[in-house]
Amino acid sequence: MYVLVTVLAALFLALLQRRFKSRRPCLDPKRLDGKTVLITGGASGIGKETAVALARRGARVHITSHDEQKGEEALRDIKKESASMNVRFWSLNMANLQSIRNFCKEFLKNESRLDILINSDGVPAVLDWTDNGFSMCFGVNHLGPFLLTNLLIDRLKSCSPSRIVTITSNVHKYQKLDFSDLNYNIVPLFTYCRSKLANVYFTQEMARQMERHGVTACAVHPGYVVGDWTSQFSFLFRIVMYVFTSLFFISCQAAAQTVIYCAISDDVLQHNGGYFSDSKPCKLRPNAQDAGIAKKLWEASEAMVGLTSAMGHPASGTR
Ligand SMILES: NC(=O)c1ccc[n+]([C@@H]2O[C@H](COP(=O)([O-])OP(=O)(O)OC[C@H]3O[C@@H](n4cnc5c(N)ncnc54)[C@H](OP(=O)(O)O)[C@@H]3O)[C@@H](O)[C@H]2O)c1
């Protein structure tokens, strides 16, 4: 009896592991010579692995971090691992709207191209507030990328065909948006799930608005990764997470594969506004596909970050 239970448990664990851990590598051989890529949050985790991969393909890669020292160290690593010197670091605090505005202004002044924007910055499930009084999850995970993308959209349009890849998470399916309290900041996991749902809706509405401009937008669930995000929790929590994550979580390199796929593959063009996991388009649940909600979130986000749109088009990058 014990043997049977052990065998069944081992089988169950192996199946679970396979489900969580298997990730298709991006095999598309496309080169990116002459293309410019911006990866927010590119100084660690999935963003950093993506930066290495795209720099290896010949792209000029920009990464951002709100920690100068970390950014400079990441820059050295990315240059070394990709054997490319065409990488640049920028300081950017996504929890501060003025920092985003300053960054975009400088970026547009210094860089004539932007072909691929990867919104990889993100905070885990935390209860905190941004400098502008938004909940940390909603502010850094959604409002920051929303403002940044809008401020850079004209450059993406002028470099079309171009891409916007926003990293969400499949936990978006567990929550709904509450328009009476978009800054919901009570249960940490719920506030994270809502911010990731906002990423999905942002992508859909962006794709709709960019349909005729040659800018393709997609949202990516990268898979579950250990990353740096456990570092801010207690030692005990980190040990428990270490055991759990080594069983079920994937490496940042594996998680970057769908991001890379969405940044370069032509298959993605047929799924503008789509949601991708394991390098393929995936169906969304009803809580995450409502054009009315996507538009409403867009308008609410514009008001929150102080952007106004004319005739339904995203605000100009020159603001
Ligand atoms: N890890 C997972 O299991 C998992 C699963 C699904 C989705 N995701 C999503 O994947 C994305 C990347 O996560 P990751 O796992 O690679 O985590 P990570 O290593 O912690 O990377 C997150 C990045 O976000 C940046 N960031 C955080 N707060 C910021 C701020 N105030 N201003 C500017 N940048 C800030 C960090 O940059 P600095 O600290 O350098 O400024 C960091 O580089 C996130 O959007 C995350 O929600 C992760």
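Residues numbered from 1 in each chain as written. Predicted model: local features only at pLDDT ≥ 70, side-chain atom pairs only at ≥ 80, totals over all residues. Heavy atoms only, no water.

Looking at an unreviewed UniProt entry, the protein chain carries the name Retinol dehydrogenase 14, with the source organism given as Eleutherodactylus coqui. A UniProt comment under Sequence similarities (unreviewed entry) is attached to the protein chain, and it reads "Belongs to the short-chain dehydrogenases/reductases (SDR) family." (UniProt positions renumbered as here; feature names shortened; annotations may be inferred.)

Our next topic: the site of the ligand. Of all residues adjacent to the ligand, which total 27 residues, the nearest are Ile46, Ser65, His66, Met94 and Val225. In this structure, serine 44 approaches the ligand through a side-chain N or O atom, which is 2.9 Å from an oxygen atom. With respect to the ligand, the side chain of serine 65 contributes an N or O atom lying 2.5 Å from an oxygen atom. Out of a free accessible area of 870 Å², the ligand has 92% covered by protein chains. (Near = heavy atom within 4 Å. Polar contact = N/O pair within 3.5 Å; in protein donor to acceptor, adjacent residues only side chain to side chain. Areas by Shrake-Rupley, 256 points an atom, 1.4 Å probe, with all protein chains shown as cover.)

Looking now at the side chain of serine 135. Mapped onto the fold, serine 135 is located in the loop between β4 (116–119) and α5 (136–158). Residue serine 135 is classed as buried on the basis of its relative accessible area of 0%. Excluding its chain neighbours within four sequence positions, the residues that come into contact with serine 135 are Asp128, Trp129, Thr130, Asn183, Tyr184, Asn185 and Thr191. (Helix = DSSP H or I, 4+ residues; strand = E, 2+ residues; numbered from the N terminus. Buried < 20%, exposed > 50% of the residue type's maximum accessible area, 1.4 Å probe, protein only. Contact = heavy atoms within 4.5 Å.)

All right, on to the pattern of salt bridges then. Proximity of charged atoms lets side chains of opposite charge pair with each other. Applying the stated criterion to the full structure yields eleven salt bridges. For the salt bridge of aspartate 77 with lysine 48, the shortest nitrogen-to-oxygen distance reads 2.8 Å. Taken together, the residues aspartate 77 in helix α3 (residues 68–82) and lysine 48 in helix α2 (residues 45–56) connect sequence positions 29 residues apart. The exposure class assigned to aspartate 77 is partly exposed, which follows from its relative accessible area of 31%. If you follow the salt bridges from partner to partner, you end up with Lys30, Arg163 and Asp266 in one network. (Salt bridge = Lys/Arg side-chain N within 4 Å of Asp/Glu carboxyl O.)

This part covers the nonpolar core. Counting 54 residues, the largest nonpolar core has Ile100, Phe103, Leu148, Leu152, Ile164 and Met206 as its most contacted members. Those elements that place two or more of their residues in this core are α4 (97–110), α5, α6 (188–210), β6 (215–221) and α9 (291–305). At twelve residues, α5 tops the list of elements feeding residues into this core. Ignoring anything within four residues of it in the chain, the contact list for isoleucine 100 reads Leu92, Asn93, Met94, Gly144, Leu147, Leu148 and Leu151. In terms of nonpolar packing, the next biggest core, distinct from the first, is built from 39 residues, Val37, Leu54, Ile260 and Ile264 among them. (Core = buried A, V, L, I, M, F, W, Y, C linked by side-chain atoms within 4.5 Å.)

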